[in-house]
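Secondary and tertiary structure notes
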Amino acid sequence: MTEGGTVAGKEFRVGEKIAERFTIEEVMPPLGKYRHYRASDSTGPKVVISQIGTPTKESEPDKVKRGLERATRALSWIRHPGFVIPKEFVLHDGLLFSVFPEV
């Protein structure tokens, strides 16, 4: 973590791509310690992408991603106007991202 309270990792700029699929359209103000981006998805509607960390061990990214996907499936039955569930998780250059529908 950096001094400013954000997670260490690459900061993406408008026009860059994440996972060869999401094109950054806007860098949003930080919410807590994670970076957020509004992006267009080449396979669907616009989304909000949140950088959720940098796993430290080589085997950790897939393990963390699978755990997050399990937790998302467990929460998927909740329907509430103030509760947004990620629709997927992507790994790009060793960084984990959660992908949310644009609200």
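Residues numbered from 1 in each chain as written. Predicted model: local features only at pLDDT ≥ 70, side-chain atom pairs only at ≥ 80, totals over all residues. Heavy atoms only, no water.

**A few points about a positive patch on the surface**
Together, Lys63, Arg66, Arg70 and Arg73 give the surface a local cluster of positive charge. Summarising the element assignment, Arg70 is placed in helix α1 (residues 60–75). (Patch = residues over 30% accessible without salt bridge, like charges linked within 9 Å, V, L, I, M, F, W, Y side chains within 5 Å. Areas by Shrake-Rupley, 256 points an atom, 1.4 Å probe, with all protein chains shown as cover. Salt bridge = Lys/Arg side-chain N within 4 Å of Asp/Glu carboxyl O. Lys, Arg positive; Asp, Glu negative; His and termini not counted. Charge placed at Lys NZ, Arg CZ, Asp CG, Glu CD. Helix = DSSP H or I, 4+ residues; strand = E, 2+ residues; numbered from the N terminus.)

**Brief notes about the sheet that holds strand β4 (residues 47–53)**
Judged by pairing direction, the sheet is antiparallel, and its six strands sit side by side in the order β1-β2-β3-β4-β6-β5 without closing on themselves. With one partner strand each, in any of the chains shown, β1 (17–18) and β5 (88–92) form the two edges of the open sheet. Pairing analysis gives seven bridges linking strand β2 (residues 22–31) to strand β3 (residues 34–41), with the strands arranged antiparallel. Note on β3: the bridge partner recorded for Thr23 is Ser40. (Pairing = 2+ DSSP bridges.)

**Let's talk about the packing of aromatic side chains**
Tallied over the entire structure, the rule returns two aromatic pairs. Ring plane angle 90 degrees and centroid distance 5.9 Å describe the contact between Phe12 and Tyr37, whose orientation is recorded as edge-to-face. You can see Phe12 sitting in the segment before β1 and its partner Tyr37 sitting in strand β3, a full 25 residues away along the chain. Tyr37 shares its class with Phe12; the two are buried. Seen from their ring centres, Phe12 and Phe97 are 5.7 Å apart, and the 65 degrees between their planes marks the pair as edge-to-face. On the criterion of sequence distance, the pair formed by Phe12 in the segment before β1 and Phe97 in strand β6 (residues 95–101) is long-range, its members being 85 residues apart. Take Phe12 and Phe97: they sit in the same class, and that class is buried. (Phe/Tyr/Trp six-rings, centres within 6.5 Å; stacked < 30°, edge-to-face > 60°. Buried < 20%, exposed > 50% of the residue type's maximum accessible area, 1.4 Å probe, protein only.)

**Quick word on the pairing of β3**
A loop of two residues connects β2 with β3, the two strands running antiparallel in sequence, and Gly32 in this loop sits at a positive phi of about 75 degrees. Taken together, the four bridges between β3 and β4 define a ladder with antiparallel strand orientation. Directly across from Tyr37, in β4, lies its bridge partner Ile49. In this structure, the hairpin formed by β3 and β4 is closed by a connection of five residues.

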